[in-house]
Amino acid sequence: MDIIHLLPDSVANQIAAGEVVQRPASVIKELLENSIDAGATDIHIILREAGRELIQVIDNGKGMSPTDARMAFERHATSKIQQAVDLFALHTMGFRGEALASIVAVAEVEMRTRREEDETGVRLKMAGSKLESQESVACPKGTNLEVRNLFYNVPARRKFLKSNQTELSNIITELQHVALANPNVGFTLVHNDVQMLQLLSGSLKQRITQLFNKGISQQLLPLDVENDLVTIHGFIGQPSAARKKGALQFFFVNDRYMRHPYFHKAVLECYQDLIPEGSQPNYFIYLKVDPASIDVNIHPTKTEIKFENEPARWHILMAAVREALGKFNAVPTIDFDQADAPEITVLPSREESKHMTEPKVHYDPGYNPFRKTQADNWQSLYDDFLTLPSKVSEDQTEPDESEALGGLVPPTAPLSSRMNEELPLTEDKQQDLSPVGHFIQVANRYIATCSHNALLLFDQHRAHIAVLYDRYYQQMCNKQGISQQELFPEIVEIAAADVPVLEKILPELSYLGFELNNLGGGSYAIAGKPASLENQIDFHALLLQMIDAARDEVHGVSDALNRKLALRLAQAQAIRAGKKMCEEEMRQLVESLFDLKEHTYGPDGRLIAVSLSASDIENRF
C-alpha cells in the first residue's frame, strides 16, 4: 500500500506559517512590505490588544482587481517575479508569495481593495485558508486588510505569545525598520484607539528624529561614498553618543533592513579607542548594490543577506566610516609640526618680575620620620605589599598574586581563590569574623579591616550595590518609594519601541522614587527622582537600563522584575572604584553590609568579601 501523499493546502499553509508568522510583529512586517510594493505613500496601522485581536493595515497603494485579490491568498502566488532568473534582479520587498497564504492559515482575514480605474472594489472574507465570501463593495483606492484573532486555530502558538507590552514593542520595532527604509512614506500607528505614532514623509534625518528623539540630530555624522561596488549613505553617531545598552544600529541594503555581523564589525573597528569598552555606537547605514550581487532568498524573514565579494565591501564601509569620523574631528589627529618640538618655558617680563617674591620653606621642627603610629605602620604595609592601580574598572578581575605582592612571592593559586576559602561565613564563624579595629582603603577600591582571627577585604563598589539593592527592593515590596520633587521638570525622549515597556513598569518605578508624566509622543516629564539619586548620574541612560531589564519579562510585572529594577538602580547609584572614603564612611558601609542576610556575594552573583586567615598570612613569610 502506498504511504506517501500530498498534504492538503490548509495543512501546508499552517506549516509555512510557522516560519513566516511567528508573532503579531511578523504580520505587520509582511503587510507593510506589501503596501510599500504597491506604491503606497500613506499607511495607517490599527491594533487592538497588541495585535492579538486585530491588526489592520490601510494603504493608498494601487489596489487589486477581484481576480488578483483572490489569487493573492494562494500559496506561492505573486506578481513580483515571473521566473527563477528574476530572483537576481529583485526591486521589491516581497517575492516569495507566502505571506498572505500563511497569515490566512492562522487567522480570520477580511480584505477590501480597489484599483483607481475600477468603479467598485472587492471584499473577501477568509479563515483557516478557506474562502467564506467574496462580493463587490464601494471602497477607496488602495487596500484595507484586517487580521483578527491571530492563531485562533493554533492554541499552542497563541499561548506562547508574550505580554501585550512586549508584543507591541516588537511591532514598533518592525515598523521602525520599514519606516527608516522609506522616509518618503507617511505612517500612523493607533493602538487600542490611542494614536502612538504619526510619521510624516520627509528626509532621512527627519525620520530618524521622529522615531527616536529630537536631540539625536545633533549627534549624527553623514556618510556619502559611491563607487562601482557599492554606494553608501546614511549617518553614524558621534563617539560621545555611544551607549552601553540600546544603541540604535540599522543596516539597509537596497532599502531592505538586514542583519550583518560582518559589516557591524567593520563599523566597530572604526570606533576603537574612541568609545569606552563595552559601549556601542549608533548608526543608520544604507547600501545600494546591484541586485544580482546579493542573495536575499535565504530565509522567509529576508533579513539574512549574502553578498558577493564581501571583503571588498567591508573595506569600503570601514573607509567610509573612518572618513566621516575624521572629517568631523572625531578621530584624534597628530600635529607633526609640533609633535617633537621641545617645551619652551615662557619667562615673566621685567615688569612682572618686580612683583615676584622669594619662595619660603615651611617645616615642622618636631617631626620625627622614624616615629609612626600603629595605624601608620598598617597603612604602610598595604602600600608596600598590596599596591594596585588607583583607578581600576569595576568589571576588572582580581590581580594576579605575583603582581599584587610586587613579584616577591611566586604565584601558586589566585589570590582571591585562597582568600575565599573561609567564605561564605557560617553562623558559628559569624561572630569571630565580624570586623573589628581600623578600616583602611586600599587603592581607593578595597576596604581592609580585621576580625579576631582573619584579615577581611571588601570591594567597596560591590558592597554598596548589595546594601542599596536591599534598601530599594524592600521599598518595592512595601510600595513606599521616597521621591525628590523637581522644581523644573526635565523632559526625556523615549523611543517609540520602548514606550510600551516603560508604561508597564511605571508603577514599579514609582516605588523606587521615579515620578514620570507621559506627555505623549514618547516625551516624559520627570516630576520626581529617587531621593538618594546623585545629580551627576545620567538619568536618561538609567531609564534605558530599566527598560532593557523589563523588555524580555514574559509574565509582566513579577518579583523577578522588581529585583532587576532594584539592581539596576543600585548599580547606578553605588560608589565607584577610585572614590576616596574616610574611615567613618568605610565603617558604616561594612556594618550595613553585615546587617544583610548575605554579605559574601552580591545580588548580581559577584564576590563582595574575602578573608585571609592567620595561616594564609603566615604562608607568605
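The rules behind each value
- Residues numbered from 1 in each chain as written.
- Predicted model: local features only at pLDDT ≥ 70, side-chain atom pairs only at ≥ 80, totals over all residues.
- Heavy atoms only, no water.
- Helix = DSSP H or I, 4+ residues; strand = E, 2+ residues; numbered from the N terminus.
- Buried < 20%, exposed > 50% of the residue type's maximum accessible area, 1.4 Å probe, protein only.
- Areas by Shrake-Rupley, 256 points an atom, 1.4 Å probe, with all protein chains shown as cover.
- Axes fitted to C-alpha atoms, helices over the stretch in contact; angles between N-to-C directions.
- Parallel < 35°, antiparallel > 145°, perpendicular 65-115°, else oblique.
- Left-handed = near helix turned anticlockwise from the far one by under 90°.
- Contact = heavy atoms within 4.5 Å.
- Core = buried A, V, L, I, M, F, W, Y, C linked by side-chain atoms within 4.5 Å.
- Phe/Tyr/Trp six-rings, centres within 6.5 Å; stacked < 30°, edge-to-face > 60°.
- Pairing = 2+ DSSP bridges.
- Arc of directions from axis to C-beta.
- Polar contact = N/O pair within 3.5 Å; in protein donor to acceptor, adjacent residues only side chain to side chain.
- Patch = residues over 30% accessible without salt bridge, like charges linked within 9 Å, V, L, I, M, F, W, Y side chains within 5 Å.
- Salt bridge = Lys/Arg side-chain N within 4 Å of Asp/Glu carboxyl O.
- Lys, Arg positive; Asp, Glu negative; His and termini not counted.
- Charge placed at Lys NZ, Arg CZ, Asp CG, Glu CD.

Draft legend 1. Main features of the overall build of the protein. Helix and strand content of the protein: 20 helices and 22 strands. In the protein, which comprises 621 residues, the proportion classed as buried is 46%. Carbon and sulfur atoms make up 51% of the accessible area of the protein, which totals about 33,100 Å².

Draft legend 2. Summary view of the packing of helix α15 (residues 460-478) against helix α18 (residues 559-573). The interhelical angle for the contact between α15 and α18, taken along N-to-C directions, is 135°, at an axis separation of 8 Å. By the angle between their directions, the pair α15 and α18 is classed as oblique. The way α15 lies across α18 gives a crossing that is right-handed. Facing α15, whose interface residues are His461, His464, Ile465, Leu468, Tyr469, Tyr472, Tyr473 and Met476, α18 presents Asp559, Asn562, Arg563, Leu565, Ala566, Leu567, Leu569, Ala570, Gln571 and Gln573.

Draft legend 3. Inspection of the nonpolar core at higher detail. The biggest cluster of nonpolar side chains holds 61 residues, and the ones touching the most others in it are Ile45, Val147, Phe187 and Phe284. A total of eight residues in this core trace back to one element, the largest contributor, which is helix α6 (residues 164-181). Excluding anything up to four places from it in sequence, isoleucine 45 contacts Ile28, Leu32, Gln56, Val57, Leu175, Phe187, Thr188, Leu189 and Val190. Counting 37 residues, the second-largest nonpolar core is a separate cluster that includes Tyr524, Ile537, Ile547 and Leu565.

Draft legend 4. Structural view of the packing of aromatic side chains. In this structure the tally under the stated criterion is 15 aromatic pairs. With 4.9 Å between their ring centres and 50° between their planes, phenylalanine 251 and tyrosine 283 make a pair best called tilted. Remark: tyrosine 283 occurs in strand β13 (residues 283-288) and phenylalanine 251 occurs in strand β11 (residues 249-253); sequence separation between them is 32 residues. Overall, the relative accessible area of 3% leaves tyrosine 283 in the buried class. Measuring from centroid to centroid gives 5.8 Å for phenylalanine 252 and tyrosine 257, while their planes differ by 65°, and the two rings are edge-to-face. Here a set of aromatic residues connected by ring pairs shows up, and it is made of Phe212, Phe250, Phe252, Tyr257, Phe284 and Tyr286.

Draft legend 5. Focus on the sheet that holds strand β21 (residues 523-530). Reading across from one edge, β19-β21-β20 is the order of the three strands in this open sheet, with antiparallel pairing throughout. Each edge of the open sheet carries a strand with a single partner, namely β19 (483-493) and β20 (515-520). Here the strands of the sheet are splayed against their neighbours by 15° on average, with no regard to which way each runs. With seven bridges connecting them, β19 and β21 associate as antiparallel partners. Considered in β21, the bridge of glutamate 493 is made with serine 523. Running at roughly 80° to β19, helix α17 (residues 539-551) makes contact with β19, β20 and β21 of the sheet.

Draft legend 6. Looking closely at helix α8 (residues 261-270). Buried within α8 are the following residues: Phe263, His264, Ala266, Val267 and Cys270. Looking straight down α8, one finds that the buried residues subtend no more than 155° of arc, so they occupy a single side. Considering only its buried residues, α8 is in contact with β11, β12 (256-258), β13, β15 (306-307) and α9 (310-327).

Draft legend 7. Region of the structure containing the sheet that holds strand β1 (residues 42-48). One open sheet accounts for eight strands, arranged β5-β4-β3-β6-β2-β1-β7-β8; its pairing is mixed. Edge positions in the sheet fall to β5 (130-137) and β8 (194-199), since each has one partner strand and no second. Mean inter-strand twist for the sheet, computed between neighbouring axes without regard to direction, equals 10°. Note that β1 and strand β2 (residues 54-59) share six bridges and pair antiparallel. Note that in β2 the partner of isoleucine 43 across the bridge is aspartate 59. The sheet contacts of helix α7 (residues 204-211) involve β7 (186-191) and β8, and relative to β8 the element is tilted by about 160°.

Draft legend 8. Highlighting the pairing of β8. Pairing between β7 and β8: five bridges, direction antiparallel. In the sheet register, histidine 191 faces β8, and the bridge partner there is valine 194. Hairpin remark: β7 followed by β8, antiparallel, with two residues in the connecting loop; positive phi at asparagine 192, about 50°.

Draft legend 9. Region of interest: the pairing of β7. Counting buried residues in β7 gives six out of six residues, a clear majority hidden from the surface. The side-chain alternation of β7 yields two buried faces, one formed by Gly186, Thr188 and Val190 and the other by Phe187, Leu189 and His191. Pairing of β1 with β7, which is carried by six bridges, proceeds in the parallel orientation. Its bridge partner being in β7, isoleucine 45 is matched across the sheet by leucine 189.

Draft legend 10. Examining the side chain of glutamate 146 more closely. Take glutamate 146: it is sitting in strand β6 (residues 142-148). Engagement of the side chain of glutamate 146 in a polar contact is seen with the side chain of arginine 112, the distance being 3.3 Å. Engagement of the side chain of glutamate 146 in a polar contact is seen with the side chain of arginine 148, the distance being 2.8 Å. Not counting chain neighbours up to four residues away, the residues in contact with glutamate 146 comprise Leu54, Ile55, Gln56, Glu108, Val109, Glu110 and Arg112.

Draft legend 11. View of the environment of glutamine 545. The residue glutamine 545 is located in helix α17 in this model. On the basis of relative accessibility, which here comes to 26%, the residue glutamine 545 falls in the partly exposed class. Distance in space between the C-alpha atoms of glutamine 545 and leucine 569 is 8.8 Å, their sequence separation being 24 residues.

Draft legend 12. Fine view of a negative patch on the surface. Together, Glu584, Glu585, Glu591 and Asp595 make up a region of like negative charge exposed at the surface. Structurally, aspartate 595 is set in the loop between α19 (583-594) and β22 (609-613). Overall, the relative accessible area of 65% leaves aspartate 595 in the exposed class.

Draft legend 13. Molecular detail of the pattern of salt bridges. Going through the model one piece at a time under the given rule, you end up with 17 salt bridges. Across the pair arginine 123 and glutamate 135 runs a salt bridge whose closest N-O atoms are separated by 2.0 Å. Of this pair, arginine 123 sits in strand β4 (residues 121-127) while glutamate 135 sits in strand β5, and the two are 12 residues apart along the sequence. According to the relative accessible area criterion, glutamate 135 is partly exposed, its value standing at 35%. Of the charged contacts in the structure, one is a salt bridge between arginine 587 and glutamate 583, with a shortest N-O distance of 3.7 Å. Of this pair, arginine 587 and glutamate 583 both sit in helix α19, four residues apart, which is roughly one turn of the helix. Judged by relative accessible area, arginine 587 falls into the partly exposed class, the value being 27%. Given a relative accessible area of 33%, glutamate 583 falls into the partly exposed group. Salt bridges linked by common partners bring Glu110, Arg112, Glu146 and Arg148 together as one network.

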